[in-house]
Amino acid sequence: MSRSPRGLEPLPPDKPSRLLLGALALALASACQDSGTHTTRSSFLLTTQDGTRVAVTVWVPDHPAGQTIPSVLRLTRYWRELAVSPVLPALQPYDDVGPGRPFVDQGYAWVSVDARGTGASFGSSRGPWTREEIADYGEVIDWVIKQPWSNGRVGAIGVSYEGTAALKLTMLHHPALKAVVPQYFFYDPATSVVRPGGVLCKDFLQGWSDAVAGLDRNDYYSLCRLDEGSVTQCTQLRSLVLGVSPVDGASGQSLLTAAVAEHATNVNVYEAGRASTYADDPFATVPTDDVGPISVAPALATSQAPMMTWVGWMDSSTVRGALQAYDALPNVPQQLIIGSWSHGGFYDADPSRADDAPPEPTSADQQAMALAFLDAHLKTDTTLGRSIRYSTLGETGFRETTVWPPQGGHETTLAFDQGGALIDGALTPSAGTDTYAVDFTTTSGVLSRWRTPNGAPDVAYGDRQGADARELVYTGAALTSDLRLVGTPRVELALSSTHGDGAVYVYLEDVHPDGRVAYLTEGVRRLMYPTDSTRRADARPVTPGAKLKLSISLEPLSAIIRTGHRLRVAIAGHDQDNFERLPSEGEPVLSIYRGPDESTLTLPVGS
Amino acid sequence: MSTTMSLALLLATHSALAQVPEVAATPDEAARLRAGVSLATGVFLAGATPELDLTARAGVQLTRRWALVGEAGLTWGLPKETGTFLAYGHLGVLAEATFADRYFIAAGPLVAFGLWSAPTGTASASAAAGLFPGVDLRLGAGFGSRDDSGRRHQFTVGLDAKLMIAGAAVSASSATAPATIGPGLGTSLILFLGYEAK
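Residues numbered from 1 in each chain as written. Chains lettered and ligands numbered in written order. Predicted model: local features only at pLDDT ≥ 70, side-chain atom pairs only at ≥ 80, totals over all residues.

### Here's the deal with the sheet that holds strand 9 (residues 307–312) of chain A
All names here are of chain A.
Part 1 of the reasoning: The strand order across the open sheet formed by 10 strands is 1-2-5-3-6-7-9-10-11-12, and the pairing between neighbours is mixed. The outermost strands of the open sheet, each flanked by one partner alone, are strand 1 (39–47) and strand 12 (398–401). Between one strand and the next, the sheet's axes are offset by a mean angle of 15°, whatever the strand orientation.
Part 2 of the reasoning: Against the sheet, helix 5 (residues 131–145) makes contact with strand 1, strand 2 (53–61), strand 3 (69–76), strand 5 (109–114), strand 6 (150–159) and strand 7 (177–183), and its axis sits at roughly 145° relative to strand 6, the strand it touches most.
Part 3 of the reasoning: Relative to the sheet, helix 15 (residues 363–379) contacts strand 3, strand 6, strand 7, strand 9 and strand 10 (334–339), its axis offset from that of strand 7 by approximately 165°. (Pairing = 2+ DSSP bridges. Helix = DSSP H or I, 4+ residues; strand = E, 2+ residues; numbered from the N terminus. Axes fitted to C-alpha atoms, helices over the stretch in contact; angles between N-to-C directions. Contact = placed C-beta atoms within 7 Å.)

Set out below in structure tokens:
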């Protein structure tokens with residue numbers, strides 16, 4: 001749930017000339033920095049119906065007298081606006097409109113809101129995207145459309161937390177809300193990022209929890225340190241970034257102090273996530289029917305607001321969630337775009353390309369596409385239809401479909417065989433078991449799909465030959481023609497464990513002719529869940545030594561595997577840089593069953 | 001005897017010993033405008049950051065001895081690692097006394113605007129940004145001649161010390177402790193070379 005206020009990097013040591021220019025032209029600096037449309041800014045506390053005061057900052061671009069304009073909302077728990085030292089604009093270009101700049105330049109009022117319990121807003125946060133938080137946003141819309149500059153048409157856009165808030169906002173059915181653009185959002189956060197497959201994604205959750213706690217204390221230094229900034233870097237940044245911006249007025253600073261004091265009772269996100277073992281457990285005091293957009297799907301499904309949704313193949317489990325939303329909201333016009341990106345779309349994450357390859361399209365172009373979508377719905381009465389545009393790992397460009405998986409495909413099954421082979425499912429694999437002593441040093445790395453939501457770094461698995469040496473692998477024959485996979489691979493895993501708790505991590509990999517191993521996708525599963533459902537009622541006790549059958553849906557993908565390459569399934573029992581250790585103690589040994597009707601891999605083959 | 005007078009006597013003694021051309025003694029002239037510029041190098045004590053400074057000054061030479069000088073300068077650091085940064089502009093007003101037409105001492109208030117940021121240990125650092133009030137102290141000697149009007153044209157060399165106070169300096173004392181925000185002191189010590197027409 002990427003969180004860093006963007007556009008601020010520690011000043012490199014080779015930029016003293018910036019200050020030279022800045023100090024000489026100090027009086028002109030603030031005017032020179034803003035090359036876009038001039039705006040009128042105001043920031044205030046909006047008192048909502050339950051008495052909570054929510055901080056709002058509005059930038060209204062200059063527009064002809066008598067003309068009204070549409071508005072775009074940013075609903076955030078990452079500070080609606082930064083308070084910065086007056087030195088900063090002298091050192092580097094700084095625009096207080098921040099991510100709203102493209103929108104005000106296109107004639108939108110940009111409305112940035114601190115979620116209750118965060119930023120300069122009062123109140124306490126019981127959890128992410130609660131009903132009361134979403135209700136606040138509805139009241140912000142009420143306020144916006146009463147303004148003399150408003151044309152009564154409102155949109156919402158955001159990445160990660162903010163995108164999820166934009167999606168959940170549609171549950172209000174507010175007539176002024178004409179379109180939303182949720183980007184890299186979490187339709188089902190409980191299973192897509194908190195406990196994929198029922199296993200606690202502890203490194204993400206702990207990192208995010210600590211980060212938002214720092215934000216809620218108005219502590220930019222701590223946030224910087226969590227982002228692995230050095231002590232020196234972070235002291236520098238803290239001297240330039242004072243924290244969240246107080247609202248306007250002489251009492252703004254004291255109001256901010258009072259608001260931050262109320263945040264002390266915010267939920268500890270990590271502890272709440274750790275305690276909610278099952279997908280249908282409450283999140284601390286937030287009930288099951290109020291956690292994530294999926295919990296209010298019926299209300300979302302009757303929304304009239306068209307959506308343009310963005311997700312990345314390598315971004316935690318957001319694609320799975322976005323595809324769920326596409327299906328669960330069949331009457332909502334949706335333009336779903338799936339790219340080969342990490343969280344936020346800032347990095348290309350296609351393992352077939354260089355780690356430093358730019359995203360396609362670029363972040364700026366992604367934003368331009370989102371803006372065009374909002375233009376269509378907020379400046380005209382256009383309603384675009386439903387479609388899914390998706391990229392493919394291993395090739396350039398996007399394909400388009402209206403259904404998922406795309407029509408024309410079929411499934412093919414491969415079976416686990418002796419000697420670590422993966423053979424055609426039509427053949428009969430030899431019966432037996434392969435044992436695997438769980439190696440708790442196994443990891444998918446710190447640049448994994450599970451880490452990217454926390455600060456949105458790149459995703460890069462690199463060559464997995466080393467990882468595979470610590471895992472149990474089954475490798476297929478070299479392909480005689482290119483193989484296109486589009487959809488959700490599935491592994492039926494028959495196994496037993498020496499322990500009553502545990503997890504399996506199933507990786508689908510592309511073995512190159514030269515031996516390099518590229519990550520394609522994976523599935524995570526706590527042994528107590530036979531199917532993809534991790535709800536309490538679907539859990540089953542695990543008896544040591546007893547045979548289990550797990551049906552594991554891997555994360556969806558679209559990828560092309562080239563002729564001469566081989567597919568591989570690699571099985572691990574832990575991912576130490578990303579997930580909790582299961583069991584917490586002990587050294588389990590897994591036995592994987594192979595033979596007729598035992599362990600298989602089913603692939604979605606595209607046309 | 002005041003410290004200033006003691007220093008003046010000391011400087012005068014040194015002047016008498018120095019084997020340099022004597023400047024013809026003339027009575028104090030009328031007040032006149034004066035100007036100068038200096039380039040300096042030294043160290044900023046928060047993090048011992050090497051620094052360069054360019055300062056211009058202009059003012060009024062009130063008497064042969066006394067002057068009131070305004071100065072404006074830019075100081076920038078030569079940091080060695082990411083996160084270290086030093087750059088500030090400074091404005092000051094100094095009262096200057098010149099002795100034996102050669103030695104001068106100046107002091108006065110200044111205000112600086114900029115950023116300093118540097119490690120202060122292996123896992124500690126300090127940084128401050130904004131306006132820094134402070135004081136400036138200059139001490140040096142000029143070498144050159146007087147023209148017919150009594151104006152001195154001199155190349156100068158000397159020491160400059162600036163003490164600047166940051167109201168909200170950020171300090172971190174270890175890798176794990178939170179940062180503290182509070183008053184901080186920045187000190188610049190530089191050796192300057194310049195030219196003055198005064």
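### Comments concerning helix 14 (residues 318–328) of chain A
All names here are of chain A.
Part 1 of the reasoning: Judged by how many residues are buried, helix 14 sits mostly within the fold: eight of 11 residues are covered.
Part 2 of the reasoning: Buried residues of helix 14: Thr318, Val319, Arg320, Gly321, Ala322, Leu323, Ala325 and Tyr326, and no others.
Part 3 of the reasoning: Buried-residue contacts for helix 14 involve helix 7 (189–194), strand 9, strand 10 and strand 11 (387–391). (Buried ≥ 20, exposed ≤ 12 C-beta atoms within 10 Å, placed from the backbone.)

### Observations regarding the sheet that holds strand 4 (residues 85–99) of chain B
Part 1 of the reasoning: Reading around the barrel, the eight strands line up as 1-2-3-4-5-6-7-8 (chain B) and close back on themselves, with antiparallel pairing between neighbours. Averaged over all pairs of adjacent strands, the angle between strand axes in this sheet comes to 20°, irrespective of strand direction.
Part 2 of the reasoning: Bridge count between strand 4 of chain B and strand 5 (residues 103–121) of chain B: 13 bridges; the pairing is antiparallel. Across the sheet, phenylalanine 99 of chain B pairs through a bridge with tyrosine 103 of chain B, a residue of strand 5 of chain B.
Part 3 of the reasoning: Each of strand 4, strand 5, strand 6 (124–146) and strand 7 (152–172) of chain B is contacted by helix 10 (residues 231–240) of chain A, which is oriented at about 85° to strand 6 of chain B, the strand it contacts most.

### Focus on unusual backbone geometry
Residues and elements named next belong to chain A.
Part 1 of the reasoning: Here glutamate 360 and proline 361 are connected by a cis peptide whose omega angle stands at -5°.
Part 2 of the reasoning: Along the chain, proline 361 turns up in the loop between strand 10 and helix 15.
Part 3 of the reasoning: The omega torsion across leucine 582 and proline 583 is -5°, close enough to zero to call that bond cis.
Part 4 of the reasoning: The backbone of tryptophan 129 sits at a positive phi, close to 55°, despite the residue not being glycine.
Part 5 of the reasoning: Note that tryptophan 129 resides in the loop between strand 5 and helix 5.
Part 6 of the reasoning: For serine 160, which is not a glycine, the phi torsion comes out positive at approximately 65°.
Part 7 of the reasoning: Here serine 160 lies in the loop between strand 6 and helix 6 (161–169).
Part 8 of the reasoning: The class for serine 160 is buried, based on 27 C-beta atoms found within 10 Å.

### Some remarks on the domain arrangement of chain A
Residue and element names in this part refer to chain A.
Part 1 of the reasoning: Assigned domains within chain A: domain 1 (16–288 + 305–310) and domain 2 (410–605).
Part 2 of the reasoning: Each of domain 1 and domain 2 has a C-alpha centre, and the two are 38 Å apart.
Part 3 of the reasoning: Contacts between the two partners involve 19 residues from domain 1 and, on the opposite side, 21 residues from domain 2.
Part 4 of the reasoning: Among the elements of the structure, helix 7 and helix 8 (202–216) are those that each provide at least two residues to the side of domain 1 that touches domain 2.
Part 5 of the reasoning: Residues belonging to the side of domain 1 that touches domain 2 are distributed by class as follows: nine nonpolar, five polar and five charged. (Domains from an automatic or database assignment. Nonpolar A, V, L, I, M, F, W, Y, C, P; charged D, E, K, R; others polar.)

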